[in-house]
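Residue-level listing of the chains:
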Amino acid sequence: MPKPITRSERRRVALPKALNISDLRQIAERRVPRVVFDYLDGGADAEVTLGEAWRVYDRVMFRPQGAVAFPECDLRVRVLGMDLELPFLLGPVGSTRLFHPGGDMAAAHAAGETGTAYIQSTFSGHRLEDSRAATRGPMCYQLYLIGGRTAAEKAIERCRNAGIHALFVTIDTPVSGMRERDFRNNIKQLLARNASSIAPFLSQFVTHPRWLLSYLADGGLMQCPNIVLPSGPMKYADVSVALEQSVVTWEDLHWIREVWDGPIVIKGVMTSDDALRAIDAGAAGIVVSNHGGRQLDCVLPTLRVLPEIARAVNGQLEVMLDGGIRRGSDVVKAICLGAKAVLLGRAYAYGLAAAGEAGVARAIEILRGDVIRTLKLLGVRSLTELNHSHVEVPWVWEAEARASRLNV
Ligand SMILES: Cc1cc2nc3c(=O)[nH]c(=O)nc-3n(C[C@H](O)[C@H](O)[C@H](O)COP(=O)(O)O)c2cc1C
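Let me sum up the structure you'll find in this document. (Residues numbered from 1 in each chain as written. Predicted model: local features only at pLDDT ≥ 70, side-chain atom pairs only at ≥ 80, totals over all residues. Heavy atoms only, no water.)

1. Observations regarding the packing of helix H3 (residues 34–41) against helix H19 (residues 346–378)
Heads up, the condition is: Only the contacting stretch of a helix is used when fitting its axis, a line to C-alpha atoms as for every element, and angles between N-to-C directions run 0 to 180 degrees. In this description a helix means any DSSP run of H or I spanning at least four residues, a strand means any run of E spanning at least two, and both kinds are numbered starting from the N terminus. Angles below 35 degrees are treated as roughly parallel, those above 145 as roughly antiparallel, those between 65 and 115 as roughly perpendicular, and all remaining angles as oblique. Left-handed describes a crossing whose near helix is turned anticlockwise from the far helix through less than a right angle; right-handed describes the clockwise counterpart. Contact between two residues is taken to exist if any of their heavy atoms lie within 4.5 Å; hydrogens are not considered.
Close contact between H3 and H19 brings their axes to 10 Å; oriented N to C, the two are set at 165°. For the element pair H3 / H19, the angle class is roughly antiparallel. As H3 runs across H19, the sense of the crossing is right-handed. From H3, Phe37, Leu40 and Asp41 reach across to H19, where they touch Arg346, Ala349, Tyr350 and Ala353.

Here is the structure:
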């Protein structure tokens, strides 16, 4: 179980001065070497989708109601049968131990302390059982079929034994996106992690001695303990090749359903057709997601496709969204447009890179405060009251939605 965060730890990393997620991002940029920061911050190709992901929230405007008084706002939400205190979950982010040795365990602990759920990536450097033990909140597991069906079935069995609540099956990664920053920085070489592989990074590392010491001391860093092959846990360096041999298809959902009784969520849905396929496959939920702009570039921002997807599924499964959430008002806008809750990605990962668990806790605290303030300013007491009437979207979104309903 990670140690509780001390006050001095918070002060040392100047967290109270971080007023928003962008401030945490800047602290993260100073604290980790460029190769690591770019892996966290970057997107695919020209990063068009990456930029649009957060800019799109600025195009949605609020319609507040004034002179409404209430002492407290109710942020509670029930998602996939989990009772959460917050309308955001911590989504799957791989390789978190590269940002901070606390990695998933620190993030899971912070999530549990604030009453929300943690979703651990297949590409975690921590055993899923250890992260599970680190949080008193619910935990879910994101599944790639990497290592083949046998390896996936073993991971699913471990999930069941560890008390994992739901599986999030990611469908948008038949091949890794072209993340140009990672190629230029040669992150693959860093991930090989032997004495000669870190030599080219020394000039970056000497300016980040604290990060370097923790990186060198962290023995488990470069393995994926939840992908167990006959030869042992998969090495990080082998992941991208293995990913291409492990494409998830809708047929796979059938056998996953047979070996997993709990809720299944399809992550990476960007069209209403795929949302309807997810219903047919027996999913309990979907995440409208473009993988944080790290896969197909120039795909629409998730907020833009959310209303049509929410309309198409018509309550037959739970709709979540991720991508570009940097403020609590973004969370509120997504709920107004049809999401039950959202997943955070970089928002909490910047916090982790900035200051370990204290940084994750600060990210959650910032967004929680934002959501409460936004609801009060909107004149709305609880999340359940939010709907489309609290926001105005660009007229072209409405026109396109009308046209698609009329099939023109
Ligand atoms: C560094 C990094 C690693 C990620 N690793 C995974 C992963 O292993 N599995 C997965 O389904 N999504 C992964 N994602 C995508 C996130 O779950 C989420 O969809 C995305 O970060 C949301 O966008 P945001 O970062 O703008 O909030 C990763 C994202 C980042 C930034």
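2. Here we look at the side chain of Ser131
This is how the line gets drawn: In protein, a polar contact means a hydrogen-donor-capable atom and an acceptor-capable atom, both N or O and within 3.5 Å, with residues adjacent in sequence counting only if both atoms are side-chain atoms; elsewhere, any N or O pair within 3.5 Å suffices.
You can see Ser131 is positioned in helix H7 (residues 128–134). Side-chain polar atoms of Ser131 contact the side chain of Gln120, separated by 2.4 Å. Setting aside residues up to four positions removed in sequence, Ser131 forms contacts with Asp104, Met105, Ala108, Gln120, His126 and Met139.

3. Thoughts on the pairing of strand E8 (residues 223–229)
Short version of the rule: Two strands pair under a simple rule: DSSP has to find at least two bridges between them.
Here 4 bridges tie E8 to strand E9 (residues 232–235), and the two strands are oriented antiparallel to one another. Within the sheet, the bridge partner assigned to Val228 lies in E9 and is Pro233. Connecting E8 to the next strand, E9, in antiparallel fashion are 2 residues.

4. Side note on the environment of Ile198
Rule in force here: With a 1.4 Å probe rolled over the protein chains alone, any residue whose accessible area is under 20% of its type maximum counts as buried; one over 50% counts as exposed, and the rest are partly exposed.
Its location among the elements puts Ile198 in helix H11 (residues 195–198). When its relative accessible area of 14% is taken as the criterion, Ile198 is described as buried. Along the sequence, Ile198 and Leu343 sit 145 residues apart, while their C-alpha atoms lie 33 Å from each other. Once residues within four sequence positions are removed from consideration, Ile198 is found in contact with Leu190, Phe205, Tyr215 and Leu216.

5. Points about the environment of Glu398
Here Glu398 shows up in helix H20 (residues 395–405). Its relative accessible area of 32% is what places Glu398 among the partly exposed residues. Spatially, the C-alpha atom of Glu398 lies 9.7 Å from that of Pro307, the residues being 91 residues apart in sequence. Discounting chain neighbours no more than four positions away, the residues touching Glu398 are His388 and Val393.

6. Looking at the packing of helix H16 (residues 272–280) against helix H17 (residues 302–313)
Which entries qualify depends on this criterion: Each residue gets one label: Ala, Val, Leu, Ile, Met, Phe, Trp, Tyr, Cys and Pro are nonpolar, Asp, Glu, Lys and Arg are charged, and the others, such as Gly, are polar.
Between H16 and H17, the least distance of the axes is 9 Å, while the angle of their chain directions is 35°. Judged by the sense of rotation from one axis to the other, the crossing of H16 with H17 is right-handed. Counting all contacts with H16, which are made through Ser272, Ala275, Leu276 and Ile279, the residues of H17 involved are Glu308, Ile309, Ala312 and Val313. Of the residues that constitute the contact of H16 with H17, the class distribution is 6 nonpolar, 1 polar and 1 charged.

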